[in-house]
Amino acid sequence: MIVVEFIGFIAALLSTMGFLPQVIKTWQTRSADDLSMDTIIVLLIGVFLWLLYGLMNKDRPLIFANGLTMIFVSFLLYFKVKFNDRSNK
């Protein structure tokens, strides 16, 4: 069971880290024009539901991955709202 959970954590870490470069680039360029608001919202809802599922099943890799992904996607949502407001002024 320890090996299975370890594999789950590695998979969770790698798939979640895929969002980090986008968060960093959006923050550095102060531009979220190329990000789709619809995609961000759907992804945020999906990640939240996966997080709930992981919590209900006490699945630590799912909780870890989706908790961290939810933080990253929330940053993208924040940047999308903040930087779009700035460009509309």
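Here's what I pulled together on the structure shown here.

Rules of the game
- Residues numbered from 1 in each chain as written.
- Predicted model: local features only at pLDDT ≥ 70, side-chain atom pairs only at ≥ 80, totals over all residues.
- Heavy atoms only, no water.
- Helix = DSSP H or I, 4+ residues; strand = E, 2+ residues; numbered from the N terminus.
- Contact = heavy atoms within 4.5 Å.
- Areas by Shrake-Rupley, 256 points an atom, 1.4 Å probe, with all protein chains shown as cover.
- Lys, Arg positive; Asp, Glu negative; His and termini not counted.
- Charge placed at Lys NZ, Arg CZ, Asp CG, Glu CD.
- Buried < 20%, exposed > 50% of the residue type's maximum accessible area, 1.4 Å probe, protein only.
- Expected span 1.5 Å × (residues − 1).
- Arc of directions from axis to C-beta.
- Patch = residues over 30% accessible without salt bridge, like charges linked within 9 Å, V, L, I, M, F, W, Y side chains within 5 Å.
- Salt bridge = Lys/Arg side-chain N within 4 Å of Asp/Glu carboxyl O.

1. As for the overall build of the protein
Secondary structure assignment for the protein yields four helices and zero strands. Seen in sequence order, the protein has helices and strands lined up from the N terminus as α-α-α-α. On the principal axes, the C-alpha backbone points of the protein span a range of 55 × 20 × 15 Å. A separation threshold of at least 6 residues defines the contact pool for the protein, and within that pool the share at least 24 residues apart is 77%. With the model as given, the accessible surface of the protein reaches about 6,300 Å², and the carbon-plus-sulfur share is 70%. Computing the positive centroid from 8 side-chain charges and the negative centroid from 6, the protein places the two 8 Å apart.

2. Description of unusual backbone geometry
For residues besides glycine, phi is generally negative; the peptide bonds are generally trans as well. Located in the positive-phi region is Arg30, a residue other than glycine, with phi close to 55 degrees. Relative to the elements of secondary structure, Arg30 occurs in the loop between helix H2 (20-29) and helix H3 (37-57). Classification of Arg30 by relative accessible area gives partly exposed; the value is 39%. Backbone geometry places Lys58, a non-glycine residue, at a positive phi of 55 degrees. Topologically, Lys58 is positioned in the loop between H3 and helix H4 (60-87).

3. As for H3
Helix length check: H3, at 21 residues, gives a terminal C-alpha distance of 30 Å against a target of 30 Å (1.5 Å per residue), a fit within 8%. Buried within H3 are the following residues: Ile40, Leu44, Val47, Leu51 and Gly54. End-on view of H3: buried residues confined to an arc of 90 degrees, all on one side of the axis. Exposed side chains of H3 directed beyond 90 degrees from the buried face belong to Asp38, Val42 and Met56. A positive phi of about 55 degrees marks Lys58, the residue just after H3.

4. With respect to a nonpolar patch on the surface
A cluster of nonpolar side chains, contributed by Met37, Ile41, Ile45, Phe48, Leu49, Trp50, Leu52, Tyr53, Leu55, Met56 and Val81, occupies part of the molecular surface with about 1,000 Å² of accessible area. Here the nonpolar patch takes ten residues from H3, the largest share from any one element. Given a relative accessible area of 49%, Leu49 falls into the partly exposed group.

5. A look at the pattern of salt bridges
Considering all chains together, one arrives at one salt bridge under this definition. A salt bridge links Glu5 to Arg60, with the nearest nitrogen and oxygen atoms 2.6 Å apart. Of this pair, Glu5 sits in helix H1 (residues 2-17) while Arg60 sits in helix H4, and the two are 55 residues apart along the sequence. What makes Glu5 partly exposed here is its relative accessible area of 26%.

Remember that the coordinates give geometry; whether it matters functionally is a separate question.
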